[in-house]
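Remarks on the overall topology
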Amino acid sequence: MASNVSLRRLAYLGLAYGCVGLGAAGIVLPLLPTTPFLLVAAWAAPKGSPRVEAWLYDHPHFGPPLRAWHEQRAVPRRAKWIACLLLLSSWLILWLSTDSPIVPVITGLLFMGVATFLVTRPDAAPETIRVGDDPG
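Calculation rules
- Residues numbered from 1 in each chain as written.
- Predicted model: local features only at pLDDT ≥ 70, side-chain atom pairs only at ≥ 80, totals over all residues.
- Heavy atoms only, no water.
- Axes fitted to C-alpha atoms, helices over the stretch in contact; angles between N-to-C directions.
- Helix = DSSP H or I, 4+ residues; strand = E, 2+ residues; numbered from the N terminus.
- Parallel < 35°, antiparallel > 145°, perpendicular 65-115°, else oblique.
- Contact = heavy atoms within 4.5 Å.
- Nonpolar A, V, L, I, M, F, W, Y, C, P; charged D, E, K, R; others polar.
- Core = buried A, V, L, I, M, F, W, Y, C linked by side-chain atoms within 4.5 Å.
- Buried < 20%, exposed > 50% of the residue type's maximum accessible area, 1.4 Å probe, protein only.
- Domains from an automatic or database assignment.
- 1 Å grid on protein atoms, 1.4 Å probe; cavity = no way out; pocket = protein on both sides within 12 Å on 5 of 7 lines; lining within 4 Å.
- Points joined across faces, edges and corners; volume = space filled by probe spheres on them.
- UniProt positions renumbered as here; feature names shortened; annotations may be inferred.
- Expected span 1.5 Å × (residues − 1).

**Digging into the packing of helix α5 (residues 77–97) against helix α6 (residues 102–119)**
Packing of α5 against α6 brings their axes to within 10 Å, and their N-to-C directions diverge by 175 degrees. The angle between the axes of α5 and α6 places the two elements in the roughly antiparallel class. Judged by residue contacts, Lys80, Ala83, Cys84, Leu87, Ser90, Trp91, Leu94 and Trp95 of α5 engage Val103, Pro104, Thr107, Gly108, Phe111, Val114, Ala115, Leu118 and Val119 from α6. Broken down by class, the residue content of the contact of α5 with α6 amounts to 13 nonpolar, three polar and one charged.

**Quick notes on the nonpolar core**
Among the nonpolar cores identified, the biggest contains 14 residues, and Val20, Ala41, Ala42, Ala45, Leu56, Phe62 and Leu66 are the most heavily contacted of them. Only α1 (2–28), α2 (35–48) and α3 (50–58) provide two or more residues apiece to this core. Among the elements that line this core, the one with the most residues is α2, at five residues. Setting aside its immediate chain neighbours within four residues, Val20 contacts Leu38, Ala41, Trp55, Leu56 and Phe62.

**Here's the deal with the domain arrangement of the protein**
Parsing the protein into structural domains produces domain 1 (33–74) and domain 2 (76–120). Just the C-alpha atoms count here: the centres of domain 1 and domain 2 sit 25 Å apart.

**Describing the layout of surface pockets**
The space that makes up the largest pocket amounts to roughly 1100 Å³. Listed by contribution, the elements that provide at least two residues to the lining of the largest pocket are α1, α2, α4 (63–72), α5 and α6. Examining the composition of the lining of the largest pocket, we find that eight residues originate from one element, α5, more than from any other. Looking at the lining of the largest pocket residue by residue, the classes come out as 25 nonpolar, five polar and two charged. Both domains that meet at the lining of the largest pocket, namely domain 1 (33–74) and domain 2 (76–120), each give it at least three residues.

**Some details on the side chain of Ser49**
Structurally, the position occupied by Ser49 is in the loop between α2 and α3. The buried category is assigned to Ser49, whose relative accessible area is 9%. With residues up to four places along the chain from it excluded, the contact list for Ser49 reads Arg9 and Leu13.

**Quick look at the UniProt feature "transmembrane region" (unreviewed entry) in the protein**
The residues that UniProt annotates with the feature "transmembrane region" (unreviewed entry) are residues 12–32, 79–96 and 102–120. Across residues 79–96, helical content stands at 100% and strand content at 0%; the span's end C-alpha atoms are separated by 26 Å.

**Regarding α2**
Its 14 residues place the ends of α2 20 Å apart at the C-alpha level, agreeing with the 20 Å of an ideal helix rising 1.5 Å per residue. Those residues of α2 that sit buried are Leu38, Ala41, Ala42, Ala44, Ala45 and Gly48.

**Focus: the environment of Lys80**
Topologically, Lys80 is positioned in helix α5. Residue classification places Lys80 among the buried positions, given a relative accessible area of 8%. For the pair formed by Lys80 and Val119, sequence separation is 39 residues and the distance between their alpha carbons is 6.4 Å.

Right, here's the structure in full:
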């Protein structure tokens, strides 16, 4: 039973690290999304290691949007704009490069649903105190 638990923790830890890596790559690679990978990492990290979870939420780049989502179910306004522009550009590339009329229609409906979900989330409140900082 103990080996099952450690194997499960190792799997969650591997998933968290892998998703952090893919999320980090998404910062510099234009077509690789960052946010979904970080959300999966934030989900898997506490199951694998509380230390990795703390590192992720305290990270200067990854932490603020993860905390905004976790605490407020909010998305930073800049992230909403970037996501919607990437959805639109991806759809335009697909529309211009496919011969099938149904693929852009189905994809467009899916992308509109994702964009609608994003823009209807509240804007993330500006952070004044980071988690772990001493307020006094």
